[in-house]
Amino acid sequence: MLKEWAKFKGFSAKNLPKEEPFAPGHRACQGCGEVLALRLALKALGMNVIAISATGCMEIISSPFPYTSWRVPWLHVAFENAAAVASGVEAALRALKRKGRFPRNRRVDVVAFAGDGGTADIGLQALSGALERGHDFVYICLDNEAYMNTGVQRSGCTPYGAMTTTSPPGKKSIGQMTWKKNVPAIAAAHGIPYVATATPAFFLDLMNKVKKAALVEGPAYVHIYSPCPTGWGTKGEDSITLAKLAVETRIFPLYEVIEGKYYITRKITKPKPVEEYLKRQRRFRHLTEEEIRKIQARVDAEYERLLRLAECL
Amino acid sequence: MGKRIAKEVSIAIAEAVKQCRVDVIAAYPITPQTHIVEHLSELVANGELDAEYITVESEHSAISACLGSVATGARTFTSTASQGLALMHEILFIAPALRLPVVMVVANRALSAPISIWNDHGDIMAERDIGWIQTFAENGQEAVDLVYHAFRVAEDRRVMFPAIVNIDGFTLSHMIEPIELPDQEQVDRYLPPFRPRYKLDPRKPLSMGPVGIPEIYTEAKKAQDEAFKNAYKVILKAWDEFEEVFGRRYRPVETYRMEDAEVALLIMGSLAETAMTAVDRMREAGKRVGLVRLRLWRPFPLRDFVKAVKGLKVLAVIDRALSPGATGGPVGTEVRSALYQVPGRPRVVNFIAGLGGRDVTVEDFEEMADRAYVYMKKKPKEPYEMIGVKE
Amino acid sequence: MPKGKDTALISWKEVPFGCYILEPGNSVGFKTGDWRSFRPVLDKEKCVKCGQCYIMCPDMTYTQDEEGYYIADLTYCKGCGICASVCPKGAITMVVEEV
Ligand SMILES: Cc1ncc(C[n+]2csc(CCOP(=O)(O)OP(=O)(O)O)c2C)c(N)n1
Ligand code: SF4
Ligand code: SF4
Ligand code: SF4
Ligand SMILES: [Mg+2]
């Protein structure tokens, strides 16, 4: 428990905020899990925020001139610099408050949104710099496991074996040949006060984590798993089912890192086999049983590692 | 009025930035800009300047943070050079399109490779089309004065474009010169507080940086271009007011001994002082040579420039940057094109000189003027020539 | 935005300063409902008013009526079927949209 959370009672199904800082009429695909994650995060944050978006699906679908889905002040500059732009916004607010040009006691949460590409790959340096400098802001990575906006190319967050347009399976390839980059661990390595993983399938958990991230003084990082029917070759109606399965198979564990200490927020004692998750998605359709076994072994090992970090063994 | 005190130009620039009461600085060190940002961090550290100094991890993040800061309504400064400016490239275009008036000092330096920390204009000429207001200083006093002017113009509600003040790396940035820093009261009189038309504020939400579909992109760019051209009037007006407050007069185009000149050298930046000596010597030898210096590079002062070169037979443009395989250096091609429609225009000859810290001497300028005389009679074979190359 | 114009077909003189969008959340003027080929239909008999459909809809279509039922606004509903799939009571069915 951090002292900043003392007054926060947590959201429940009964006390969900009514406000929708993100408006309908946006152009996300049917059943987009990323826009749902974005919506829930903003709902948790409320209206007193300044939002910064990296280039990517969420920026494109929310702002085709003359329309915007943002009901809060919003700035998009480029692809790789959301964390740096947020640093500037945060520093400006601090200076203006100190100099009496912005109401001193008015709480404004600065939040940066970026995709997995804008976070794990091209934006990693800017993110690291901003976390290391200790800006008081929230960084939310909306991870749909590829560069979707440009047509489903692989990213550092694309899982092993997945088919994308730049990791196509073929005679000499099984698809993505590398394991998913562990960005929450990289964020945590900066010694920032708060890191969490979340998924829209567990919406209260997601909203509470985002709110806690905002309340924390200093940088906070939330990594949100976001199903993408278009890029994954899944049915729109399955987005939540998949998001749940990702947790229940231990593929995407839910946890927090509070001041360096790991806490598993949803322990999975009887995990479902990863196959159940993989077989519902076209991007994994080509995987052989042997590859699936390999993935299962890796997931098991990673979960063990997480348990050790959380000292739950 | 302040006193003239000997100061390193970089230090004086930092002091001027302080007098402008900046709110946020985001910068990354690179030679020869370092003394500016080091001195600014010192001023912040010891409480002389009440500002946030963001020690970003790269120039790309420096300019990105600056955009976030100005968008939030804070007066914002950065400084860079060479590779750092090149790393900012992507974001530089976004600042004027979003009408975010950052002020930046560029200590001009050559671009790699070979890596060189020394002065030329290769870095800034690669940023010709970014849409920032761009001025070039000749000496330390002018560098400082252009900083006040840059904030004044950039943040003017009729303008709202970012501005770059170019100073030659080392040959200006590291010089110790007698510089008069005005009183704070004068600066405050000249530079009102930053009150942007729009800013990021939850009390009045807006969206900055939307997607420009083909139906709007051209119109958005036209609107930007028109607004940028309109900034010219404000730039001049701000120099008039500068004279009223500080007593020094600046114009977009400077001329020296141009009264009856038939040949003129055209230069930007601190080399103009050496060029003046060359002009004096040529005049003593009975040659009608003058000097034109562009203080304002963007928006290009077309009318004032054409007026300044009227009556010339040959204009020798000295470029401090190479544009490989082009029809001239960046300034040379610009000037040729500016004069093309002008009846009785002078012949434009183009010299590339002073690359990567190579000295350009009085003799070099005399040689260029001499060649210009040769070209009065006979067309040059090549569209541009490099000066001082060892064969 | 100049009043009365909701497309981007405007003169350059009408382009807002910095191409900003000054009307927060004006995408409500863009009706995504016509992307839909299936429509969610609620069976009030089965509904327990838990709100899962409301919170899981990526298009923010659901609002509560006076009786507490969650009703989808078909102006925006893209027909993805998430609400039907998350409803714990099977109270929502996706039916083919007639043209
Ligand atoms: C410097 C730069 N390189 C490449 C691009 C092209 N680009 C735009 S968005 C994008 C991928 C976005 O992927 P991600 O961050 O995962 O977001 P998503 O679209 O998947 O939500 C790419 C490659 C760009 N805009 N800028
Ligand atoms: S491509 Fe994927 S992430 Fe992008 S809008 Fe469509 S469903 Fe959402
Ligand atoms: S999810 Fe089903 S039961 Fe719950 S409110 Fe919606 S329709 Fe009713
Ligand atoms: S079908 Fe999809 S878009 Fe339509 S109401 Fe249900 S969840 Fe929302
Ligand atoms: Mg992505």
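That block above? That's the structure.
Now for a quick tour of the structure.

How each quantity is defined
Residues numbered from 1 in each chain as written. Chains lettered and ligands numbered in written order. Predicted model: local features only at pLDDT ≥ 70, side-chain atom pairs only at ≥ 80, totals over all residues. Heavy atoms only, no water. Helix = DSSP H or I, 4+ residues; strand = E, 2+ residues; numbered from the N terminus. Buried < 20%, exposed > 50% of the residue type's maximum accessible area, 1.4 Å probe, protein only. Areas by Shrake-Rupley, 256 points an atom, 1.4 Å probe, with all protein chains shown as cover. Lys, Arg positive; Asp, Glu negative; His and termini not counted. Charge placed at Lys NZ, Arg CZ, Asp CG, Glu CD. Core = buried A, V, L, I, M, F, W, Y, C linked by side-chain atoms within 4.5 Å. Domains from an automatic or database assignment. Contact = heavy atoms within 4.5 Å. Buried area = accessible area lost by both parts, 1.4 Å probe. Salt bridge = Lys/Arg side-chain N within 4 Å of Asp/Glu carboxyl O. Donors = N, O, S within 2.8 Å, 3.2 Å for Na, K, Ca; no water. Pairing = 2+ DSSP bridges. Axes fitted to C-alpha atoms, helices over the stretch in contact; angles between N-to-C directions. Near = heavy atom within 4 Å. Nonpolar A, V, L, I, M, F, W, Y, C, P; charged D, E, K, R; others polar. Phe/Tyr/Trp six-rings, centres within 6.5 Å; stacked < 30°, edge-to-face > 60°. Lys NZ or Arg CZ within 6 Å of the ring centre and 35° of its normal. Parallel < 35°, antiparallel > 145°, perpendicular 65-115°, else oblique. Left-handed = near helix turned anticlockwise from the far one by under 90°. Polar contact = N/O pair within 3.5 Å; in protein donor to acceptor, adjacent residues only side chain to side chain.

**Description of the overall build of chain C**
Phase 1 of the analysis: A count of helices and strands for chain C gives 2 helices and 4 strands.
Phase 2 of the analysis: With the principal axes as the frame, chain C shows a C-alpha extent of 55 × 30 × 20 Å.
Phase 3 of the analysis: When burial is assessed residue by residue, chain C has 44% of its 99 residues classed as buried.
Phase 4 of the analysis: Accessible area for chain C stands at about 5,200 Å²; split by element, carbon and sulfur atoms hold 53% of it.
Phase 5 of the analysis: Across chain C, the 11 positively charged side chains and the 13 negatively charged ones have centroids separated by 3 Å.

**Observations regarding the nonpolar core**
Phase 1 of the analysis: Counting residues in hydrophobic clusters, the biggest one holds 191 residues, and the most contacted among them are Phe113 and Ile140 of chain A together with Phe305, Leu315 and Val335 of chain B.
Phase 2 of the analysis: Of the residues forming this core, the biggest block, 11 residues, is contributed by helix α3 (residues 82–98) of chain A.
Phase 3 of the analysis: Taken together, domain 1 (4–246) and domain 2 (253–386) of chain B each give at least three residues to this core, which thus spans both.
Phase 4 of the analysis: With sequence-adjacent residues up to four places away left out, Phe305 of chain B is seen in contact with Val253, Leu266, Leu294, Phe300, Leu315, Val335, Ala338 and Leu339 of chain B.
Phase 5 of the analysis: Core analysis: the second largest hydrophobic core is formed by 59 residues, Ala14, Leu40, Tyr148 and Leu296 of chain B among them.

**Some words on the interface of chain B and chain A**
Phase 1 of the analysis: Listed per partner, the contact involves 42 residues of chain B and 44 residues of chain A.
Phase 2 of the analysis: Approximately 3,300 Å² of surface area, both sides summed, lies buried where chain B meets chain A, with 61% of it carried by carbon and sulfur atoms.
Phase 3 of the analysis: Summed over the three residues of chain B that lose the most area to chain A, namely Glu52, Pro202 and Val211 of chain B, the buried surface amounts to 18% of that side.
Phase 4 of the analysis: Between the two partners, chain B and chain A, sit 6 salt bridges.
Phase 5 of the analysis: Measuring nitrogen to oxygen at the nearest pair gives 2.5 Å for the salt bridge that ties Arg98 of chain A to Glu52 of chain B.

**With respect to the coordination of the magnesium ion (ligand 5)**
All names here are of chain A.
Phase 1 of the analysis: Each protein donor to the magnesium ion (ligand 5) is listed here as Asp116 (OD), Asn144 (OD1) and Ala146 (O); together their distances run 2.0 to 2.1 Å.
Phase 2 of the analysis: Along the chain, the residues donating to the magnesium ion (ligand 5) fall in the pattern D-x27-N-x1-A. With Asp116 in helix α4 (residues 116–121) and Asn144 in the loop between β4 (138–143) and β5 (169–170), this residue pair connects regions lying 28 residues apart in the sequence. Neither residue differs from the other here; Asp116 and Asn144 are each classed as buried.

**Focus: the sheet that holds strand β7 (residues 194–198) of chain A**
Phase 1 of the analysis: What the 9 strands build is an open sheet, ordered β10(A)-β9(A)-β7(A)-β8(A)-β4(A)-β3(A)-β1(A)-β2(A)-β9(B); its pairing is mixed. Looking at the sheet topology across the chains shown, the edges are occupied by β10 (261–264) of chain A together with β9 (207–208) of chain B.
Phase 2 of the analysis: Sheet analysis places strand β3 (residues 109–115) of chain A next to β4 of chain A, joined by 5 bridges and oriented parallel. Residue pairing across strands places Ala112 of chain A opposite Tyr139 of chain A, the latter belonging to β4 of chain A.
Phase 3 of the analysis: Together, β9 (255–258) and β10 of chain A form the strand contacts of helix α11 (residues 289–309) of chain A, whose direction differs from that of β10 of chain A by roughly 120°.

**Points about the site of ligand 3**
Phase 1 of the analysis: Residues in close proximity to ligand 3 include Leu42, Cys47, Val48, Lys49, Cys50, Gly51, Gln52, Cys53, Tyr70, Cys87, Pro88 and Ile92 of chain C, which together make up its full environment.
Phase 2 of the analysis: Residues that form the shell around ligand 3 fall into these classes: 9 nonpolar, 2 polar and 1 charged.

**Re the packing of aromatic side chains**
Phase 1 of the analysis: Applying the stated rule across the entire model yields 26 aromatic pairs over all chains.
Phase 2 of the analysis: Plain terms: the ring middles of Tyr225 of chain A and Phe252 of chain A are 5.2 Å apart, the flat faces sit at 40° to each other, and that makes the pair tilted. Pair noted here: Tyr225 of chain A is in strand β8 (residues 220–225) and Phe252 of chain A is in the loop between α9 (239–248) and β9, with a separation of 27 residues, a long-range link. The exposure classification of Tyr225 of chain A matches that of Phe252 of chain A, with both residues buried.
Phase 3 of the analysis: By way of ring pairs, the aromatic residues Tyr148, Tyr190, Phe242, Phe246 and Tyr250 of chain B are connected into one cluster.
Phase 4 of the analysis: Over the aromatic face of Trp232 of chain A sits the side chain of Arg283 of chain A, whose NZ or CZ is 3.8 Å from the ring centroid.
Phase 5 of the analysis: The ring of Tyr190 of chain B has Arg152 of chain B lying over it, and the distance from NZ or CZ to the ring centre is 5.2 Å.

**A short note on the pattern of salt bridges**
Phase 1 of the analysis: What the rule picks out here adds up to 57 salt bridges over all chains.
Phase 2 of the analysis: Ionic pairing is found between Glu226 of chain B and Lys222 of chain B, a salt bridge with its closest N-O pair at 3.0 Å. Taken together, the positions of Glu226 of chain B and Lys222 of chain B, both in helix α9 (residues 214–246) and 4 residues apart, correspond to about one turn of that helix.
Phase 3 of the analysis: Here the residues in one salt-bridge network are Glu90, Arg94 and Arg98 of chain A together with Asp50 and Glu52 of chain B, joined through shared partners.

**Thoughts on the sheet that holds strand β13 (residues 296–298) of chain B**
Residues and elements named next belong to chain B.
Phase 1 of the analysis: Spatially, the 7 strands line up as an open sheet ordered β3-β2-β4-β5-β7-β6-β13, and their pairing is mixed. Edge positions in the open sheet fall to β3 (52–54) and β13, since each of these has one partner strand only. Geometrically, the sheet is characterised by an average inter-axis angle of 20° between neighbouring strands, direction not taken into account.
Phase 2 of the analysis: Of the strand pairs in this sheet, strand β6 (residues 133–136) and strand β7 (residues 163–168) are connected by 4 bridges, and their pairing is parallel. Note on β7: the bridge partner recorded for Gln134 is Ile164.

**As for the packing of α3 of chain A against helix α3 (residues 59–71) of chain B**
Phase 1 of the analysis: Contact geometry of α3 of chain A with α3 of chain B gives a least axis separation of 6 Å together with a crossing angle of 45°. By the angle between their axes, α3 of chain A is oblique relative to α3 of chain B. Both α3 of chain A and α3 of chain B take part in a crossing whose hand is right-handed. Two secondary-structure elements touch here, α3 of chain A through Ala84, Val85, Gly88, Val89 and Ala92 of chain A and α3 of chain B through Ser61, Ser64, Ala65, Gly68 and Ser69 of chain B.
Phase 2 of the analysis: Its residues assigned to classes, the contact of α3 of chain A with α3 of chain B comprises 5 nonpolar, 5 polar and no charged.

**Structural notes on the interface of chain C and chain A**
Phase 1 of the analysis: On the side of chain A, 34 residues touch chain C, which itself brings 35 residues to the contact.
Phase 2 of the analysis: Looking at the side of chain C facing chain A, the largest losses of area belong to Ile55, Met56 and Met60 of chain C, adding up to 22% of the total buried there.
Phase 3 of the analysis: There are 0 salt bridges connecting chain C and chain A.
Phase 4 of the analysis: Our count for the contact surface shared by chain C and chain A stands at 19 residue pairs in polar contact (both at pLDDT 80 or more).
Phase 5 of the analysis: Those elements giving two or more residues to the side of chain C that touches chain A turn out to be α1 (52–56) and α2 (82–86) of chain C.
Phase 6 of the analysis: The dominant element in the side of chain C that touches chain A, judged by the number of residues it contributes, is α1 of chain C, at 4 residues.

**With respect to the packing of helix α10 (residues 272–284) of chain B against helix α13 (residues 362–377) of chain B**
Residue and element names in this part refer to chain B.
Phase 1 of the analysis: At their nearest, the axes of α10 and α13 sit 8 Å apart, and the two run at 60° to each other. The orientation of α10 relative to α13 falls into the category oblique. Judged by the twist between their axes, the crossing of α10 over α13 is right-handed. Contact residues: Thr274, Ala275, Thr277, Ala278, Arg281 and Met282 in α10; Val362, Glu363, Phe365, Glu366, Ala369 and Asp370 in α13.
Phase 2 of the analysis: For the contact of α10 with α13, the residue count by class is 6 nonpolar, 2 polar and 4 charged.

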